[in-house]
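Structural overview
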Amino acid sequence: DEVRKRFITGSKLGEGTYAIVYSGHYREDPSSLVAIKKIKVNQDYKDGIAMDAIREIKFLSELEHPNVIKLHAVFSTKDQNISLVLEHLPLGDLETLWKTHTISYTSADIKAWANMLAQAVWFCHENFILHRDIKGNNLLIAADGTVKLADFGLARSFADPGRIMTYNVITRFYRPPELLLGARHYGGGVDVWSMGVVIAELAIREWFLPSETDFQQLCIIYDVFGTPTEETWPGVSQFQFYTAPDNTPAPSLTLNSSAANGNPSQNTSQPGLKRAQPLGYWRNRFPLLGEDGIDLIRGMLTLDPLKRLSARAVLDHRYWTNAPRPTKKEDLPRQG
Ligand code: ADP
(Lines give C-alpha, C1' and ligand atoms only; values in the text may rest on other atoms or scores of the structure.)
Protein backbone atom coordinates (compact mmCIF):
# COMPACT_ATOMS: atom_id res chain seq x y z
CA ASP A 1 0.00 0.00 0.00
CA GLU A 2 2.84 2.37 0.87
CA VAL A 3 4.51 1.65 -2.46
CA ARG A 4 1.27 1.98 -4.43
CA LYS A 5 0.72 5.48 -3.05
CA ARG A 6 4.03 6.66 -4.48
CA PHE A 7 2.60 6.43 -8.04
CA ILE A 8 -0.24 8.03 -9.98
CA THR A 9 -1.76 5.84 -12.70
CA GLY A 10 -2.74 7.62 -15.93
CA SER A 11 -4.11 6.55 -19.30
CA LYS A 12 -3.93 3.09 -20.85
CA LEU A 13 -0.91 2.58 -23.14
CA GLY A 14 -1.62 -0.88 -24.41
CA GLU A 15 -2.69 -4.39 -23.60
CA GLY A 16 -0.76 -7.62 -23.85
CA THR A 17 -1.53 -11.26 -23.21
CA TYR A 18 -1.11 -11.14 -19.47
CA ALA A 19 -1.16 -7.46 -18.58
CA ILE A 20 -2.63 -4.04 -19.22
CA VAL A 21 -0.08 -1.25 -19.37
CA TYR A 22 -0.85 2.28 -18.17
CA SER A 23 1.24 5.40 -18.21
CA GLY A 24 1.95 6.89 -14.80
CA HIS A 25 4.35 8.99 -12.79
CA TYR A 26 5.84 9.39 -9.34
CA ARG A 27 3.38 11.30 -7.14
CA GLU A 28 5.88 13.95 -6.14
CA ASP A 29 7.19 14.54 -9.70
CA PRO A 30 4.71 14.57 -12.63
CA SER A 31 7.62 14.72 -15.10
CA SER A 32 9.03 11.35 -13.92
CA LEU A 33 7.08 9.09 -16.29
CA VAL A 34 6.73 5.35 -15.70
CA ALA A 35 4.75 2.49 -17.27
CA ILE A 36 2.52 0.61 -14.83
CA LYS A 37 1.94 -2.96 -15.92
CA LYS A 38 -1.09 -4.38 -14.17
CA ILE A 39 -1.19 -8.16 -14.33
CA LYS A 40 -4.55 -9.53 -15.48
CA VAL A 41 -5.82 -12.18 -13.15
CA ASN A 42 -7.99 -14.59 -15.06
CA GLN A 43 -9.54 -17.29 -12.87
CA ASP A 44 -8.61 -20.12 -15.26
CA TYR A 45 -5.00 -19.14 -15.60
CA LYS A 46 -4.48 -17.62 -12.21
CA ASP A 47 -1.47 -19.68 -11.17
CA GLY A 48 0.28 -19.70 -14.56
CA ILE A 49 -0.13 -15.99 -15.14
CA ALA A 50 0.99 -15.13 -11.65
CA MET A 51 4.08 -17.27 -12.32
CA ASP A 52 4.93 -15.12 -15.37
CA ALA A 53 4.66 -12.01 -13.23
CA ILE A 54 6.82 -13.50 -10.52
CA ARG A 55 9.47 -14.48 -13.07
CA GLU A 56 9.43 -11.02 -14.55
CA ILE A 57 9.86 -9.46 -11.12
CA LYS A 58 12.55 -11.88 -10.02
CA PHE A 59 14.73 -11.47 -13.11
CA LEU A 60 14.22 -7.77 -13.74
CA SER A 61 14.99 -6.87 -10.14
CA GLU A 62 18.37 -8.60 -10.54
CA LEU A 63 19.34 -6.87 -13.78
CA GLU A 64 20.49 -3.31 -14.25
CA HIS A 65 21.76 -2.35 -17.68
CA PRO A 66 21.09 0.52 -20.12
CA ASN A 67 19.60 -1.93 -22.66
CA VAL A 68 17.33 -3.79 -20.23
CA ILE A 69 14.04 -2.22 -19.09
CA LYS A 70 14.29 -0.94 -15.53
CA LEU A 71 11.88 -2.16 -12.86
CA HIS A 72 11.20 0.76 -10.49
CA ALA A 73 8.87 -0.94 -8.03
CA VAL A 74 6.21 -3.60 -7.51
CA PHE A 75 2.95 -3.17 -5.63
CA SER A 76 -0.33 -4.95 -5.14
CA THR A 77 -3.60 -3.21 -5.88
CA LYS A 78 -6.82 -3.05 -3.89
CA ASP A 79 -8.26 -5.95 -5.90
CA GLN A 80 -5.24 -8.20 -5.06
CA ASN A 81 -3.61 -7.70 -8.47
CA ILE A 82 0.10 -7.22 -8.96
CA SER A 83 1.44 -4.13 -10.72
CA LEU A 84 4.97 -3.68 -12.03
CA VAL A 85 6.28 -0.13 -12.27
CA LEU A 86 8.58 -0.08 -15.29
CA GLU A 87 10.64 2.42 -17.18
CA HIS A 88 8.46 4.39 -19.62
CA LEU A 89 9.47 3.53 -23.19
CA PRO A 90 7.23 5.59 -25.44
CA LEU A 91 8.79 5.24 -28.90
CA GLY A 92 7.39 1.86 -29.90
CA ASP A 93 9.37 -1.28 -30.64
CA LEU A 94 11.66 -2.73 -33.31
CA GLU A 95 8.85 -4.66 -35.04
CA THR A 96 6.73 -1.52 -35.44
CA LEU A 97 9.82 0.23 -36.74
CA TRP A 98 10.43 -2.11 -39.69
CA LYS A 99 6.70 -2.25 -40.41
CA THR A 100 6.35 1.54 -40.59
CA HIS A 101 7.28 2.34 -44.17
CA THR A 102 7.14 6.08 -43.65
CA ILE A 103 10.33 5.64 -41.59
CA SER A 104 13.41 5.05 -43.73
CA TYR A 105 16.64 3.80 -42.21
CA THR A 106 20.15 2.79 -43.21
CA SER A 107 22.76 0.07 -42.65
CA ALA A 108 24.31 2.17 -39.89
CA ASP A 109 20.93 2.50 -38.12
CA ILE A 110 20.38 -1.27 -38.24
CA LYS A 111 23.86 -1.74 -36.78
CA ALA A 112 23.06 0.62 -33.89
CA TRP A 113 19.79 -1.14 -33.02
CA ALA A 114 21.35 -4.58 -33.41
CA ASN A 115 24.24 -3.62 -31.14
CA MET A 116 21.95 -2.46 -28.33
CA LEU A 117 20.10 -5.78 -28.63
CA ALA A 118 23.37 -7.72 -28.55
CA GLN A 119 24.52 -5.83 -25.42
CA ALA A 120 21.25 -6.68 -23.66
CA VAL A 121 21.46 -10.39 -24.51
CA TRP A 122 25.11 -10.60 -23.50
CA PHE A 123 24.32 -8.95 -20.16
CA CYS A 124 21.46 -11.36 -19.41
CA HIS A 125 23.64 -14.38 -20.23
CA GLU A 126 26.54 -12.98 -18.21
CA ASN A 127 24.08 -13.04 -15.28
CA PHE A 128 22.91 -16.58 -16.10
CA ILE A 129 19.48 -15.45 -17.28
CA LEU A 130 17.87 -16.69 -20.50
CA HIS A 131 15.22 -14.33 -21.83
CA ARG A 132 13.46 -16.94 -23.99
CA ASP A 133 11.15 -14.52 -25.81
CA ILE A 134 13.39 -12.24 -27.84
CA LYS A 135 11.47 -10.66 -30.72
CA GLY A 136 11.09 -7.21 -32.25
CA ASN A 137 7.91 -6.60 -30.30
CA ASN A 138 9.77 -7.05 -26.98
CA LEU A 139 12.49 -4.54 -27.87
CA LEU A 140 11.10 -1.19 -26.79
CA ILE A 141 12.54 2.22 -27.59
CA ALA A 142 13.20 4.93 -24.99
CA ALA A 143 12.64 8.65 -25.56
CA ASP A 144 16.39 9.08 -26.23
CA GLY A 145 16.45 6.29 -28.85
CA THR A 146 17.93 3.55 -26.62
CA VAL A 147 16.63 0.04 -27.36
CA LYS A 148 15.66 -1.89 -24.21
CA LEU A 149 14.86 -5.55 -23.82
CA ALA A 150 11.48 -5.98 -22.09
CA ASP A 151 8.97 -8.68 -21.20
CA PHE A 152 10.85 -11.07 -18.93
CA GLY A 153 7.71 -13.16 -18.28
CA LEU A 154 9.30 -16.25 -19.80
CA ALA A 155 12.83 -15.69 -18.56
CA ARG A 156 14.61 -18.26 -16.43
CA SER A 157 17.93 -18.90 -14.83
CA PHE A 158 20.29 -21.36 -16.44
CA ALA A 159 22.50 -21.63 -13.41
CA ASP A 160 21.42 -25.26 -13.05
CA PRO A 161 22.32 -27.03 -16.29
CA GLY A 162 20.96 -30.40 -15.12
CA ARG A 163 17.34 -29.27 -14.84
CA ILE A 164 14.80 -30.34 -17.44
CA MET A 165 13.45 -27.31 -19.29
CA THR A 166 10.38 -26.79 -21.43
CA TYR A 167 10.81 -26.49 -25.19
CA ASN A 168 7.50 -24.69 -25.61
CA VAL A 169 8.94 -21.19 -25.25
CA ILE A 170 9.79 -18.38 -27.68
CA THR A 171 7.29 -17.06 -30.23
CA ARG A 172 7.41 -19.46 -33.21
CA PHE A 173 9.14 -17.29 -35.87
CA TYR A 174 12.05 -16.75 -33.46
CA ARG A 175 12.25 -20.29 -32.10
CA PRO A 176 15.55 -22.07 -32.72
CA PRO A 177 15.71 -25.55 -34.27
CA GLU A 178 16.71 -27.30 -31.02
CA LEU A 179 13.48 -26.17 -29.34
CA LEU A 180 11.37 -27.10 -32.39
CA LEU A 181 13.01 -30.54 -32.21
CA GLY A 182 12.07 -30.87 -28.53
CA ALA A 183 15.36 -30.23 -26.67
CA ARG A 184 14.99 -30.48 -22.88
CA HIS A 185 18.41 -28.98 -22.15
CA TYR A 186 19.52 -25.81 -23.84
CA GLY A 187 21.43 -22.62 -23.21
CA GLY A 188 22.07 -19.09 -24.34
CA GLY A 189 22.04 -20.22 -27.95
CA VAL A 190 18.23 -20.03 -27.96
CA ASP A 191 18.34 -16.26 -27.42
CA VAL A 192 21.18 -15.82 -29.94
CA TRP A 193 19.08 -17.53 -32.64
CA SER A 194 16.10 -15.24 -31.87
CA MET A 195 18.41 -12.22 -32.02
CA GLY A 196 19.63 -13.31 -35.47
CA VAL A 197 16.03 -13.45 -36.70
CA VAL A 198 15.30 -9.97 -35.28
CA ILE A 199 18.34 -8.47 -37.06
CA ALA A 200 17.38 -10.22 -40.31
CA GLU A 201 13.87 -8.72 -40.09
CA LEU A 202 15.26 -5.24 -39.52
CA ALA A 203 17.37 -5.66 -42.66
CA ILE A 204 14.62 -6.99 -44.99
CA ARG A 205 11.64 -5.17 -43.39
CA GLU A 206 9.52 -8.30 -43.54
CA TRP A 207 9.22 -11.56 -41.57
CA PHE A 208 12.32 -13.64 -42.16
CA LEU A 209 11.06 -17.11 -41.16
CA PRO A 210 7.24 -16.97 -40.99
CA SER A 211 5.16 -20.13 -40.63
CA GLU A 212 1.76 -21.40 -39.51
CA THR A 213 2.80 -24.44 -37.48
CA ASP A 214 5.82 -25.74 -35.58
CA PHE A 215 6.41 -28.34 -38.30
CA GLN A 216 6.32 -25.68 -41.03
CA GLN A 217 8.73 -23.62 -38.96
CA LEU A 218 11.30 -26.44 -39.13
CA CYS A 219 10.67 -26.80 -42.89
CA ILE A 220 11.30 -23.12 -43.57
CA ILE A 221 14.44 -23.18 -41.41
CA TYR A 222 15.69 -26.19 -43.40
CA ASP A 223 14.85 -24.37 -46.68
CA VAL A 224 17.38 -21.69 -45.74
CA PHE A 225 19.95 -23.54 -43.63
CA GLY A 226 19.67 -27.05 -45.04
CA THR A 227 18.44 -30.21 -43.31
CA PRO A 228 20.64 -31.03 -40.32
CA THR A 229 22.31 -34.43 -40.31
CA GLU A 230 24.56 -36.24 -37.82
CA GLU A 231 27.51 -34.87 -39.84
CA THR A 232 26.50 -31.21 -39.62
CA TRP A 233 24.90 -31.43 -36.14
CA PRO A 234 26.13 -34.34 -34.04
CA GLY A 235 23.31 -35.70 -31.87
CA VAL A 236 20.47 -34.16 -33.90
CA SER A 237 18.87 -37.54 -34.62
CA GLN A 238 18.31 -38.09 -30.88
CA PHE A 239 15.73 -35.32 -30.56
CA GLN A 240 12.12 -36.28 -29.84
CA PHE A 241 10.70 -34.61 -32.96
CA TYR A 242 13.54 -35.36 -35.38
CA THR A 243 12.56 -37.21 -38.52
CA ALA A 244 15.34 -38.52 -40.75
CA PRO A 245 15.25 -36.85 -44.14
CA ASP A 246 14.55 -39.15 -47.06
CA ASN A 247 17.21 -38.54 -49.67
CA THR A 248 14.83 -38.52 -52.60
CA PRO A 249 13.80 -35.01 -53.64
CA ALA A 250 10.42 -34.21 -52.12
CA PRO A 251 9.03 -31.21 -53.97
CA SER A 252 5.57 -31.71 -52.49
CA LEU A 253 6.94 -30.99 -49.05
CA THR A 254 8.30 -27.50 -49.66
CA LEU A 255 6.68 -24.80 -47.57
CA ASN A 256 4.41 -23.40 -50.30
CA SER A 257 2.92 -26.65 -51.43
CA SER A 258 2.48 -27.96 -47.89
CA ALA A 259 0.54 -24.81 -47.07
CA ALA A 260 -1.66 -25.49 -50.10
CA ASN A 261 -2.23 -29.11 -49.01
CA GLY A 262 -3.12 -28.11 -45.49
CA ASN A 263 -0.86 -28.74 -42.55
CA PRO A 264 1.41 -31.73 -42.94
CA SER A 265 1.28 -33.87 -39.85
CA GLN A 266 4.44 -34.63 -38.01
CA ASN A 267 3.79 -38.36 -38.20
CA THR A 268 3.22 -38.76 -41.91
CA SER A 269 5.52 -36.18 -43.47
CA GLN A 270 9.25 -36.19 -43.69
CA PRO A 271 11.15 -33.26 -45.05
CA GLY A 272 13.50 -34.22 -47.87
CA LEU A 273 17.20 -33.50 -47.53
CA LYS A 274 17.61 -29.83 -48.34
CA ARG A 275 20.85 -27.99 -49.00
CA ALA A 276 21.82 -24.77 -47.25
CA GLN A 277 21.37 -21.63 -49.35
CA PRO A 278 24.66 -20.40 -50.87
CA LEU A 279 26.31 -17.06 -50.04
CA GLY A 280 24.61 -15.50 -53.08
CA TYR A 281 21.20 -15.95 -51.43
CA TRP A 282 22.40 -13.90 -48.43
CA ARG A 283 23.96 -11.18 -50.60
CA ASN A 284 20.72 -10.82 -52.58
CA ARG A 285 18.40 -10.82 -49.63
CA PHE A 286 20.50 -8.85 -47.11
CA PRO A 287 22.31 -6.08 -49.00
CA LEU A 288 21.92 -3.74 -46.00
CA LEU A 289 23.99 -6.02 -43.77
CA GLY A 290 27.06 -6.17 -45.99
CA GLU A 291 29.58 -9.03 -45.92
CA ASP A 292 30.30 -8.59 -42.19
CA GLY A 293 26.66 -8.43 -41.17
CA ILE A 294 25.86 -11.50 -43.26
CA ASP A 295 28.72 -13.40 -41.63
CA LEU A 296 27.46 -12.34 -38.20
CA ILE A 297 23.83 -13.37 -38.65
CA ARG A 298 24.86 -16.66 -40.24
CA GLY A 299 26.97 -17.26 -37.13
CA MET A 300 23.95 -16.52 -34.92
CA LEU A 301 21.69 -18.67 -37.09
CA THR A 302 23.83 -21.81 -37.04
CA LEU A 303 21.64 -24.91 -36.68
CA ASP A 304 23.85 -26.73 -34.14
CA PRO A 305 23.59 -24.68 -30.93
CA LEU A 306 27.13 -25.75 -29.94
CA LYS A 307 28.52 -24.21 -33.14
CA ARG A 308 26.32 -21.11 -32.93
CA LEU A 309 28.02 -17.87 -31.79
CA SER A 310 27.74 -17.09 -28.08
CA ALA A 311 26.48 -13.65 -27.06
CA ARG A 312 30.10 -12.79 -26.19
CA ALA A 313 31.34 -13.87 -29.63
CA VAL A 314 28.56 -11.81 -31.23
CA LEU A 315 29.90 -8.68 -29.50
CA ASP A 316 33.47 -9.52 -30.56
CA HIS A 317 32.51 -9.69 -34.26
CA ARG A 318 34.18 -7.30 -36.74
CA TYR A 319 30.74 -6.15 -37.97
CA TRP A 320 30.48 -3.64 -35.10
CA THR A 321 33.83 -1.94 -35.67
CA ASN A 322 34.04 -2.04 -39.49
CA ALA A 323 32.41 0.70 -41.60
CA PRO A 324 29.75 1.94 -41.48
CA ARG A 325 29.97 2.83 -37.78
CA PRO A 326 26.66 2.42 -35.89
CA THR A 327 24.50 5.57 -35.82
CA LYS A 328 24.56 7.50 -32.52
CA LYS A 329 21.35 6.81 -30.66
CA GLU A 330 20.26 10.46 -30.66
CA ASP A 331 20.49 10.47 -34.48
CA LEU A 332 18.44 7.31 -35.06
CA PRO A 333 15.19 7.60 -37.04
CA ARG A 334 12.14 7.45 -34.81
CA GLN A 335 8.37 7.38 -34.80
CA GLY A 336 6.18 10.46 -34.52
P1 ADP B 1 2.79 -7.59 -25.34
O2 ADP B 1 4.24 -7.91 -25.23
O3 ADP B 1 1.91 -8.79 -25.48
O4 ADP B 1 2.48 -6.50 -26.34
P5 ADP B 1 2.93 -6.05 -22.89
O6 ADP B 1 2.06 -6.32 -21.71
O7 ADP B 1 4.37 -6.17 -22.69
O8 ADP B 1 2.34 -7.02 -23.93
O9 ADP B 1 2.63 -4.60 -23.46
C10 ADP B 1 1.40 -4.20 -24.01
C11 ADP B 1 1.56 -2.84 -24.72
O12 ADP B 1 1.79 -1.82 -23.76
C13 ADP B 1 2.75 -2.76 -25.66
O14 ADP B 1 2.44 -3.18 -26.94
C15 ADP B 1 3.09 -1.28 -25.61
O16 ADP B 1 2.25 -0.55 -26.50
C17 ADP B 1 2.74 -0.88 -24.22
N18 ADP B 1 3.90 -0.90 -23.32
C19 ADP B 1 4.41 -1.99 -22.68
N20 ADP B 1 5.45 -1.67 -21.91
C21 ADP B 1 5.63 -0.34 -22.05
C22 ADP B 1 6.57 0.60 -21.50
N23 ADP B 1 7.53 0.21 -20.66
N24 ADP B 1 6.46 1.89 -21.86
C25 ADP B 1 5.49 2.28 -22.73
N26 ADP B 1 4.59 1.44 -23.28
C27 ADP B 1 4.64 0.15 -22.95
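Sequence order sets the numbering: in each chain, residues are counted from 1 along the sequence as written. A pLDDT threshold of at least 70 governs which residues receive local features in this predicted model, and a stricter bar of 80 or more applies before side-chain atom pairs are shown or counted, although totals over entire chains, interfaces and linings include all residues. Calculated side-chain values reflect all of the structure's heavy atoms, with hydrogen atoms and water omitted.

A closer look at the overall build of the protein
Going along the chain from the N terminus, every DSSP run of H or I of four or more residues is numbered as a helix, and every run of E of two or more is numbered as a strand. A count of helices and strands for the protein gives 10 helices and 9 strands. The buried label applies to any residue whose accessible area, calculated with a 1.4 Å probe on protein chains only, is under 20% of its type's maximum; exposed applies above 50%, and partly exposed to all values in between. In the protein, buried positions account for 51% of the 336 residues. Throughout, a contact is declared for two residues whenever any of their heavy atoms are within 4.5 Å. Taking contacts inside the protein between residues at least 6 apart in sequence as the whole, the part at least 24 apart equals 65%. What sets the accessible areas is the Shrake-Rupley method with a 1.4 Å probe; for residues, cover comes only from the shown protein chains. Here the protein displays about 15800 Å² of accessible surface, and carbon together with sulfur accounts for 52% of that area.

So, the confidence of the model for the protein
The predictor reports its confidence for every residue as pLDDT, a score running from 0 up to 100. The predicted model of the protein averages 88 in pLDDT, with 89% of residues at 70 or higher. Within the model, pLDDT remains below 50 along residues 250–268, and this stretch shows 23 contacts once partners closer than five positions in the same chain are excluded. Predicted as a complex, the structure gets a pTM of 0.89 and an ipTM equal to 0.93.

Focus: helix 5 (residues 189–204)
Between its first and last C-alpha, helix 5 extends 23 Å over 16 residues, near the 22 Å set by a 1.5 Å rise per residue. The buried fraction of helix 5 is high, at 16 of 16 residues. Looking one or two residues beyond helix 5, the residue adopting positive phi is Arg 205, at roughly 55°. Residue count minus one, scaled by 1.5 Å, sets the expected span of a helix.

Some remarks on the packing of helix 3 (residues 107–126) against helix 5
Comment: axis = line fitted to C-alpha atoms, over the contacting stretch for helices; angle = value between 0 and 180 degrees taken between N-to-C directions. Running from N to C, helix 3 and helix 5 cross one another at 170°; their axes reach a closest spacing of 10 Å. The angle between helix 3 and helix 5 places the two elements in the roughly antiparallel class. Of helix 5, the residues touching helix 3 (which contributes Ile 110, Trp 113, Ala 114, Leu 117, Ala 118, Val 121 and His 125) are Asp 191, Val 192, Met 195, Val 198, Ile 199, Leu 202 and Ala 203. For this classification, Asp, Glu, Lys and Arg are treated as charged, while Ala, Val, Leu, Ile, Met, Phe, Trp, Tyr, Cys and Pro are nonpolar and the rest, including Gly, are polar. Tallied by class, residues from the contact of helix 3 with helix 5 come to 12 nonpolar, 1 polar and 1 charged. The labels follow the angle: roughly parallel below 35 degrees, roughly antiparallel above 145, roughly perpendicular from 65 to 115, and oblique for the rest.

A short note on unusual backbone geometry
Ala 323 connects to Pro 324 through a cis peptide bond whose omega is -5°. Structurally, Pro 324 is set in the segment after helix 10 (311–315). A positive phi angle, near 60°, is found at Phe 128, a position not held by glycine. When you line up the elements, Phe 128 lands in the loop between helix 3 and strand 6 (129–130). In this structure, Asp 151 takes a positive phi of about 60° despite not being glycine. If you trace the backbone, Asp 151 turns up in the loop between strand 8 (147–149) and strand 9 (156–157). Given a relative accessible area of 26%, Asp 151 falls into the partly exposed group.

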